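Here is what each chain is made of, one letter per residue.
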Amino acid sequence: MTSAYHLERAWVAGAVHDDVLVEIDDGRFTRVEPRARVQDLGVDDSVTKSSVPRSGGETPTRLPGLTLPGFANTHSHAFHRALRGRTQRERGSFWTWREQMYAVAERLDPDSYHALARATFREMLAAGMTSVGEFHYLHHQPDGTPYADPNAMSHALVAAAQEAGIRLTLLDTCYLSAGFGRPPEGVQRRFSDGDVDRWLGRVDTMRAEGIVLGAAIHSVRAVPAEVMPAIAEWAIGRPLHVHVSEQVAENRDCVAAYVRTPTELLADHDVLGPLTTAVHATHLTDDDVTHLAASRTYAGFCPTTERDLGDGVGPSTRLREAGVRLTLGSDSHAVVDPFEEMRALEMDQRLVTQERGHWTAAELLDTATVHGQVSLGWDEAGAIAVGQRADLVTLDTATPRTAGTGADEHTAVFSATGADVTQVVVDGRLVVRQGDSEEIGRELAEAIGAVWA
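Residues numbered from 1 in each chain as written. Predicted model: local features only at pLDDT ≥ 70, side-chain atom pairs only at ≥ 80, totals over all residues. Heavy atoms only, no water.

Participant: Tell me what's going on with the overall build of the chain, and back it up with residues and numbers.
Facilitator: From N to C terminus, the chain includes 14 helices and 15 strands. For 453 residues, the compact-globule estimate of 2.2 N^0.38 gives 22 Å, and the chain sits close to it at 22 Å. Overall, the C-alpha framework of the chain stretches about 70 × 50 × 45 Å when taken along its three principal axes. In the chain, buried positions account for 60% of the 453 residues. The long-range share in the chain, meaning contacts at least 24 apart out of those at least 6 apart in sequence, stands at 72%. With the model as given, the accessible surface of the chain reaches about 17100 Å², and the carbon-plus-sulfur share is 48%. Within the chain, the 65 negative side-chain charges are centred at a point lying 3 Å from the centre of the 41 positive side-chain charges. (Helix = DSSP H or I, 4+ residues; strand = E, 2+ residues; numbered from the N terminus. Rg over C-alpha atoms; globule rule 2.2 N^0.38 Å. Buried < 20%, exposed > 50% of the residue type's maximum accessible area, 1.4 Å probe, protein only. Contact = heavy atoms within 4.5 Å. Areas by Shrake-Rupley, 256 points an atom, 1.4 Å probe, with all protein chains shown as cover. Lys, Arg positive; Asp, Glu negative; His and termini not counted. Charge placed at Lys NZ, Arg CZ, Asp CG, Glu CD.)

Below, the structure written as structure tokens:
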């Protein structure tokens, strides 16, 4: 399928340009021309923002507003979306929140998981996220017994992503203990394969299925250190993610068990590296930062979740200055909005340091568009450029939030929200139109209502 768009304004090659002509063939950009003489190309200015582009690409479809590359959601737990608005109803801690999360986890089966994930993925798309890394540990039946298809829950996620239209990286997660030296208990039994060899056997069955597949070590408390190298070896050439130092208590317990911080423990067992992402990385020592930088490990921040859970503010500028690249995720989906995640990196640092100007808008856009092999395995995505995957996220620059803000990268990062997105194209295919939000809301309400019924 071929198509063409005239973008009123677009973020191309690190700057906003006017009148950008893009042509798309087989899901890739084949032409990207800023300041094109679109008036000579027969642009159809009568089309509305919600129009479907004409097939064949003869006449470019005009997209008013500011168009950006697709955003990457590098850390997601789709089923957590059912918690929004519930875990905030009373005072508590991360650990009381976790008990409420477990209550959702024990209710799901492949059908209800599929419905919830599909609706959540559609919400992500509507906010401009075109790839997602699903940190997936909800593997078995509530008592830990495998389904007849041992990967039934994984297949539910894959189908949900395909139907929604988002690119999925399935980060199949190894989870073997409730804490340092403690076996899984309660609903945690459905997370666990029993031992690392069974985890390896189960994920191996998905290798040939065409799924973009990565691996995850849930955390240093949930995977014994001695089996981490086997997981890292399996993941060679694939993304490998791990929750790292999200809580002060996690650090304290890890030091008590191993006389090492979580980052030091992962370094000792060959887990860190250029395809590894340390998710959260909130409470790091100077030596931890050095280990991440030396190994070229990424740090995956999830600011809206870290804020919601009271985790703390991660050392984003210290990591950047050390040479560690950052990515962004929505994690528990207390908020699904890449614009909020981006600006939170800057705003949170302002609160911690009482100073402004830590991150530029361009740096934040770059952080929010990391889809590639190092993070999610989707190379050639995250830029409006020839040869790249054809993702387009268009913002209305005349809403009460965006009007008068310059219609440039600062509008995107410091003014816009996901509600200002009018259209989303993924791999050249139109997946979100203006006005879809009402339907997506109904789908979310139905899926979440079924979980709690």
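Back to the text.
Participant: Pulling in residues and values, what's your account of the pairing of strand β13 (residues 392-395)?
Facilitator: Where burial is concerned, the two faces of β13 agree: the one with Leu392 and Thr394 and the one with Val393 and Leu395 are both buried. Looking at chain direction, β13 and strand β14 (residues 421-426) are connected through four bridges and run antiparallel. Of the residues in β14, the one forming a bridge with Thr394 is Gln423. (Pairing = 2+ DSSP bridges.)

Participant: Give me the sheet that holds strand β2 (residues 15-25): which residues, what numbers.
Facilitator: Pairing within the open sheet is mixed, and its seven strands lie in the order β3-β2-β1-β4-β13-β14-β15. The outermost strands of the open sheet, each flanked by one partner alone, are β3 (28-33) and β15 (429-432). Averaged over all adjacent pairs, the angle separating strand axes in this sheet is 40°, with direction ignored. Note that strand β1 (residues 2-12) and strand β4 (residues 61-68) share five bridges and pair parallel. Directly across from His6, in β4, lies its bridge partner Arg62. Together, β14 and β15 form the strand contacts of helix α2 (residues 110-127), whose direction differs from that of β14 by roughly 110°. (Axes fitted to C-alpha atoms, helices over the stretch in contact; angles between N-to-C directions.)

Participant: Kindly report on the side chain of His218, identifying the contributing residues and their values.
Facilitator: Structurally, His218 can be placed in the loop between β8 (213-217) and α5 (228-234). Excluding residues that lie within four positions of it along the chain, His218 makes contacts with Phe135, Tyr137, Thr173, Cys174, Tyr175, Val223, Val242 and His243.

Participant: Quick one: what's the story with helix α6 (residues 248-258), residue by residue and with numbers?
Facilitator: If you check which residues of α6 are buried, you get Ala249, Glu250, Asn251 and Cys254. Residues of α6 that are buried make contact with α1 (94-105), β9 (240-244) and α7 (262-268). One or two residues past the end of α6 sits Val259, with phi positive at roughly 55°.

Participant: Give a detailed account of the environment of Arg198, specifying residues and quantitative values.
Facilitator: Counting through the fold element by element, Arg198 comes out in helix α4 (residues 196-204). For Arg198, a relative accessible area of 55% translates into the label exposed. Along the backbone, Arg198 and Cys174 are 24 residues apart, and their C-alpha atoms lie at a distance of 9.9 Å.

Participant: Can you explain the nonpolar core? Please cite residues and give values.
Facilitator: One finds Phe79 and Phe121 to be the most contacted residues of the largest nonpolar core, which totals 111 residues. Ranked by the residues each element gives to this core, the list is headed by α2, at nine residues. Residues within four places of Phe79 in sequence aside, it is in contact with Met101, Val104, Ala105, Leu108, Tyr113, Leu116, Tyr137 and Leu138. Judged by nonpolar contacts, the second largest core, of 15 residues, contains Val22, Ile24, Phe29 and Leu430. (Core = buried A, V, L, I, M, F, W, Y, C linked by side-chain atoms within 4.5 Å.)

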